[in-house]
Amino acid sequence: MRRTFVIVNPVSGRGAGERAVPHLEECLRAAGIDYTLVRTERPWHAAELAQRAATDGYEVVVAVGGDGTANEVLNGLMQAKLSGRPAATMGVVSVGRGNDFAFGVGIPHDVEIGCRVLASGATRVIDVGKVTGGDYPQGRYFGNGVGIGFDTVVGFEAAKLKHLHGFMAYLVGALKTIFLYFRAPHLEIQLDEKSLSQRSLMVSIMNGRRMGGGFFMAPDGKPDDGTFDLCIAAQIGRLAVLGLMPRFMKGTQGSHRAITMARSRRVSVKAVDGSLPAHADGETICVAGQRLDVELLPAQLSILVPGGMETS
């Protein structure tokens, strides 16, 4: 059995991480997993722990939390890889709010099933994105996607809702954002094979499929196909935004006149006027940035998945 380092974010999902620990350890023991469990104590601690675990020779490093925890562990593993260490395999046990990264690679939101996935040994090699700019001039890696504009503000508003969780928090956050973020900045967007210059309410650069626990920004996205799937929304009125929301929940927004769907391995977004609020995997990249550069790094990370099958 491979040596496994388990990183638990105790505050993930408003305390769900800590509450899950007794059941998690019971399931890990039942699955016969040889593990060391450590709790995070501060932001970015999971990245530091993951990098150290990979450097120390752990073969599997597991994120127990939500998208933020998974993103930090992914960053730590990428840093270890860049330093020339043997690559560790990533595992995810979802206990957070959105869990969009786990959804995109096919991992269910269930502690017991998650532990069985860790024990199964089935893996999938996925692409990793890197966004440079804003608060991260050195770059930050991501597994699911980068959001610029409307959906970033939705995340800010959802985080303020203390009594709502998961998709409902993002849904209410989206309804609030319609009245807070409705004047789109003028953006210059450079893709591999074309460029756009327009007022854009939102630019989603996806390695996965979903954001906010239920909004399918890239319904056909695959994290191992060597390209980003983009969803770009032009300036539209508030009522039109409201009318688009059900389409995003179904993944059918691509037929709307204001939506541009595209694919590219490199994306550059520059604010001609206005600014760029942006996130990567739900983690803030900037509140009012001016330029972001995003690149896809193919086949970077091995991750444990159910039976090695893609999510349908």
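These figures come from a predicted structure and were not determined experimentally.

1. Considering the overall build of the protein chain
Then, in step 1: Looking only at helices and strands, one finds 8 helices and 15 strands in the protein chain.
Then, in step 2: A compact globule built from 312 residues should have a C-alpha radius of gyration of about 20 Å, and the protein chain, at 19 Å, falls within 12% of that.
Then, in step 3: Overall size of the protein chain, expressed as C-alpha extent along the three principal axes, is 55 × 40 × 35 Å.
Then, in step 4: A total of 312 residues make up the protein chain; the buried ones form 58% of that total.
Then, in step 5: For the protein chain, restricting intrachain contacts to residue pairs at least 6 apart in sequence, the fraction spanning at least 24 positions comes to 74%.

2. Brief notes about the state of the cysteines
Then, in step 1: Under the definition given, this model contains 0 disulfides.
Then, in step 2: For the unlinked cysteine Cys-27, the closest cysteine sulfur is that of Cys-115, found at 4.8 Å.

3. Considerations on the packing of helix α2 (residues 45–55) against helix α3 (residues 67–82)
Then, in step 1: For the pair α2 and α3, interaxial distance at closest approach is 7 Å and the crossing angle is 40°. Comparing the axis directions of α2 and α3 gives the class oblique. As for the relative orientation of α2 and α3, their crossing is right-handed in sense. The segment α2 lies against α3, with His-45, Ala-46, Ala-47, Ala-50, Gln-51, Ala-54 and Thr-55 engaging Thr-69, Glu-72, Val-73, Gly-76, Leu-77, Gln-79 and Ala-80.
Then, in step 2: Among the residues making up the contact of α2 with α3, the classes are represented as 7 nonpolar, 6 polar and 1 charged.

4. Structural notes on the packing of aromatic side chains
One pair of aromatic rings is described through two measures. These are the centre distance and the angle between the planes.
Then, in step 1: If you walk through the whole model with that rule in mind, you get 4 aromatic pairs.
Then, in step 2: Measuring from centroid to centroid gives 5.9 Å for Phe-103 and Phe-216, while their planes differ by 70°, and the two rings are edge-to-face. On the criterion of sequence distance, the pair formed by Phe-103 in helix α4 (residues 100–105) and Phe-216 in the loop between β9 (195–206) and β10 (228–234) is long-range, its members being 113 residues apart.
Then, in step 3: With centroids separated by 5.8 Å and ring planes inclined at 20°, the aromatic side chains of Phe-142 and Phe-228 adopt a geometry described as stacked. On the criterion of sequence distance, the pair formed by Phe-142 in strand β6 (residues 136–142) and Phe-228 in strand β10 is long-range, its members being 86 residues apart.

5. Quick notes on the pattern of salt bridges
Then, in step 1: Applying the stated rule across the entire model yields 11 salt bridges.
Then, in step 2: For the salt bridge of Asp-224 with Arg-124, the shortest nitrogen-to-oxygen distance reads 3.0 Å. With Asp-224 in the loop between β9 and β10 and Arg-124 in strand β5 (residues 123–133), this residue pair connects regions lying 100 residues apart in the sequence.
Then, in step 3: Ionic pairing is found between Lys-176 and Glu-157, a salt bridge with its closest N-O pair at 3.2 Å. With Lys-176 in helix α7 (residues 166–177) and Glu-157 in helix α6 (residues 150–159), this residue pair connects regions lying 19 residues apart in the sequence.
Then, in step 4: Overall, Lys-176 belongs to the partly exposed group, its relative accessible area being 33%.
Then, in step 5: Overall, Glu-157 belongs to the buried group, its relative accessible area being 7%.

6. Here we look at the confidence of the model for the protein chain
Any region with low pLDDT has predicted coordinates that should not be read closely.
Then, in step 1: Here the protein chain shows a mean pLDDT of 94. Residues at 70 or above account for 98%.
Then, in step 2: Segment residues 308–312: pLDDT under 50, and 12 contacts once partners within four positions in sequence are set aside and those in other chains are kept.

7. Focus on the pairing of strand β14 (residues 283–289)
Then, in step 1: Sheet topology note: the strand β13 (residues 276–280)/β14 ladder contains 4 bridges and is antiparallel. Of the residues in β14, the one forming a bridge with His-279 is Thr-284.
Then, in step 2: Counted along the chain from β13 to the antiparallel partner β14, the turn is 2 residues long, and its residue Asp-281 has a positive phi close to 55°.

8. Description of helix α8 (residues 238–250)
An α-helix turns once per 3.6 residues; consequently, residues spaced three or four apart project the same way.
Then, in step 1: The largest bend in α8 amounts to roughly 30° and is located at Leu-244, with the proline Pro-246 lying one to four residues further along.
Then, in step 2: Among the residues of α8, those classed as buried are Val-241, Leu-244, Met-245 and Phe-248.
Then, in step 3: Along its buried surface, α8 packs onto α6, α7, β9, β10 and β11 (259–264).

9. Here we look at a nonpolar patch on the surface
Then, in step 1: There is a patch of nonpolar side chains on the surface, built from Leu-175, Leu-239 and Leu-242 and spanning about 300 Å² of accessible area.
Then, in step 2: As for its placement among the helices and strands, Leu-242 is situated in helix α8.

Criteria and cut-off values
- Residues numbered from 1 in each chain as written.
- Predicted model: local features only at pLDDT ≥ 70, side-chain atom pairs only at ≥ 80, totals over all residues.
- Heavy atoms only, no water.
- Helix = DSSP H or I, 4+ residues; strand = E, 2+ residues; numbered from the N terminus.
- Rg over C-alpha atoms; globule rule 2.2 N^0.38 Å.
- Buried < 20%, exposed > 50% of the residue type's maximum accessible area, 1.4 Å probe, protein only.
- Contact = heavy atoms within 4.5 Å.
- Disulfide = S-S within 2.5 Å.
- Axes fitted to C-alpha atoms, helices over the stretch in contact; angles between N-to-C directions.
- Parallel < 35°, antiparallel > 145°, perpendicular 65-115°, else oblique.
- Left-handed = near helix turned anticlockwise from the far one by under 90°.
- Nonpolar A, V, L, I, M, F, W, Y, C, P; charged D, E, K, R; others polar.
- Phe/Tyr/Trp six-rings, centres within 6.5 Å; stacked < 30°, edge-to-face > 60°.
- Salt bridge = Lys/Arg side-chain N within 4 Å of Asp/Glu carboxyl O.
- pLDDT = per-residue confidence, 0-100.
- Pairing = 2+ DSSP bridges.
- Bend = angle between axes of the 7 residues up to and from the residue.
- Patch = residues over 30% accessible without salt bridge, like charges linked within 9 Å, V, L, I, M, F, W, Y side chains within 5 Å.
- Areas by Shrake-Rupley, 256 points an atom, 1.4 Å probe, with all protein chains shown as cover.

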